[in-house]
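# Descriptive analysis of the structure
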Amino acid sequence: MQKKLSLLAASSFAGLALVISSLNAADAPAPAASSASASGSGMAAPAASGMPRGAAAPAAPDLSKLVAASDKKGLLFEKDVFPILKASCSGCHVNPTRNPSGGLNLTSLELALKGRNAAKDIVAGHGDQSLLLLYASDAVKGKEMPPMNGRVAHPPIKAEDLAIVRAWLDQGAKGDPAAAAAAAASSAAASGSGAAKPAAASASASGSAK
Ligand code: HEC
């Protein structure tokens, strides 16, 4: 069946195919040109490290949109980063009981690192490869965070705060185990279930070897 069809196609369209192929040869675009333009920053290509199976590659990020990292040292998720994310991202990336947007929960570092795409959302040591920063910096078309149509209720992160988020990612996306434990305890208490999970806190600190 397959053979018959293609034979038929071959014979009746042979003439056309010839025309097309000669056209192609005449003005074939140079495919190398566009990909070359993305490499200006001198960074190693991030794509090599962790492409998920079968996922469509996102649009190449426009790294010129990123602000420089803050020079503040010792940044921790709970103390420095969560307060920033809370104002702009919480509405959609917090609810621990429902499925958060994009599978990414930004209420705690532990939950954030367990997101569906966590390995790409937070790339410890590389702010400029972390979707969290790239999306919040409007560096990826169509993936601006907060989404363009949600910016009345959720204001975008200010440049000086993005600088802190970037520095935190560059420094290894670290969390404070003690603060995480306290937060877990207080939310368990608030929920009234009494079922605190003591194991949770220690897990969050282990992720980011530098
Ligand atoms: C109005 C709701 C809303 C707000 C506010 C919001 N997001 Fe999102 N976010 C979404 C939705 C919906 C998706 C999934 C969209 C998609 O994957 O195309 C998403 C996806 C993401 C992803 C990708 C997750 C993945 O699949 O890897 C990241 C990273 C992200 N958001 C970061 C942020 C950050 C950082 C903020 C705050 C600056 C923020 N978002 C604010 C709705 C929101």
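That block above? That's the structure.
Heads up: these notes are all about the structure in this document. (Residues numbered from 1 in each chain as written. Predicted model: local features only at pLDDT ≥ 70, side-chain atom pairs only at ≥ 80, totals over all residues.)

### Here we look at the environment of Q171
Cut-off, in case you're wondering: Secondary structure follows DSSP: runs of H or I at least 4 residues long count as helices, runs of E at least 2 residues long count as strands, and numbering of each begins at the N terminus. Partly exposed residues are those whose C-beta has more than 12 but fewer than 20 other C-beta atoms within 10 Å; with 20 or more the residue is buried, with 12 or fewer it is exposed, and the C-beta atoms are placed from the backbone.
Along the chain, Q171 falls in the loop between α8 (159–170) and α9 (177–191). Given 21 C-beta atoms within 10 Å, Q171 falls into the buried group. Each C-alpha atom, one on Q171 and one on A124, is 7.3 Å from the other, the two residues being 47 residues apart in sequence.

### Some words on the packing of helix α4 (residues 77–93) against α8
Test applied: As a rule, the C-alpha atoms of each element are fitted with a line to give its axis, helices using only the stretch in contact, and angles between N-to-C directions run from 0 to 180 degrees. Oblique is the label for every angle not falling under 35 degrees (roughly parallel), over 145 degrees (roughly antiparallel), or within 65 to 115 degrees (roughly perpendicular). The crossing is said to be left-handed when, going from far helix to near helix, the turn is anticlockwise and less than a right angle, and right-handed when the turn is clockwise. The contact rule is simple: place each C-beta atom from the backbone, and if two of them lie within 7 Å, those residues are in contact. Only Asp, Glu, Lys and Arg are considered charged in this grouping, and only Ala, Val, Leu, Ile, Met, Phe, Trp, Tyr, Cys and Pro are considered nonpolar; every other residue, Gly among them, is considered polar.
Contact geometry for α4 and α8: axes closest at 10 Å, N-to-C directions at 135°. By the angle class used here, α4 and α8 are oblique. Between α4 and α8 lies a crossing of left-handed hand. Only D161, I164, V165 and W168 of α8 make contact with α4, whose side of the interface consists of D80, V81 and I84. Among the residues making up the contact of α4 with α8, the classes are represented as five nonpolar, no polar and two charged.

### Quick notes on α8
Let me state the cut-off plainly: Helix span, expected: 1.5 Å multiplied by one less than the number of residues in the helix.
Taking 1.5 Å of rise per residue, twelve residues should cover 16 Å, and α8 covers 16 Å from first to last C-alpha, within 8% of that figure. All of the buried residues in α8 are D161, L162, I164, V165, R166, A167, W168 and L169. Here the buried face of α8 lies against α4 and α7 (131–136). Two residues or fewer past α8, G172 is found with a positive phi of approximately 110°.

### Topic: the nonpolar core
Quick note on the threshold: In these notes, a nonpolar core means any group of buried Ala, Val, Leu, Ile, Met, Phe, Trp, Tyr and Cys residues linked to one another through C-beta atoms within 7 Å.
Among the nonpolar cores identified, the biggest contains 33 residues, and V81, I122, L133, A136, V165, W168 and L169 are the most heavily contacted of them. Elements with a contribution of two residues or more to this core: α4, α5 (109–112), α7 and α8. Look past the residues within four positions of V165 in its chain and what remains in contact with it is V81, I84, L133, A136 and I157.

### Examining the site of the ligand
What counts here: Only the C-beta atom matters for nearness: placed from the backbone, it must lie within 6 Å of the molecule or strand for the residue to count as near.
Close to the ligand lie 25 residues; C89, C92, G102, N117 and G150 are nearest. When contributions to the shell around the ligand are tallied by element, the ones reaching two or more residues are α4, α6 (118–121) and α7. It is α4 that provides the largest number of residues to the shell around the ligand, a total of six residues. For the shell around the ligand, a count of residues per class yields twelve nonpolar, nine polar and four charged.

### Quick notes on α4
What counts, and what does not: Bend angle per residue: angle between axes fitted to the 7 residues ending at that residue and the 7 residues starting there.
Taking 1.5 Å of rise per residue, 17 residues should cover 24 Å, yet α4 covers just 15 Å from first to last C-alpha, more than 12% shy of that figure. The axis of α4 is deflected most strongly, by about 65°, at A87. Of the residues making up α4, those classed as buried are F77, D80, V81, F82, L85, S88, C89 and H93. Buried residues along α4 sit against α5 and α8.

So far we have only geometry, and geometry alone does not tell us how the molecule works.
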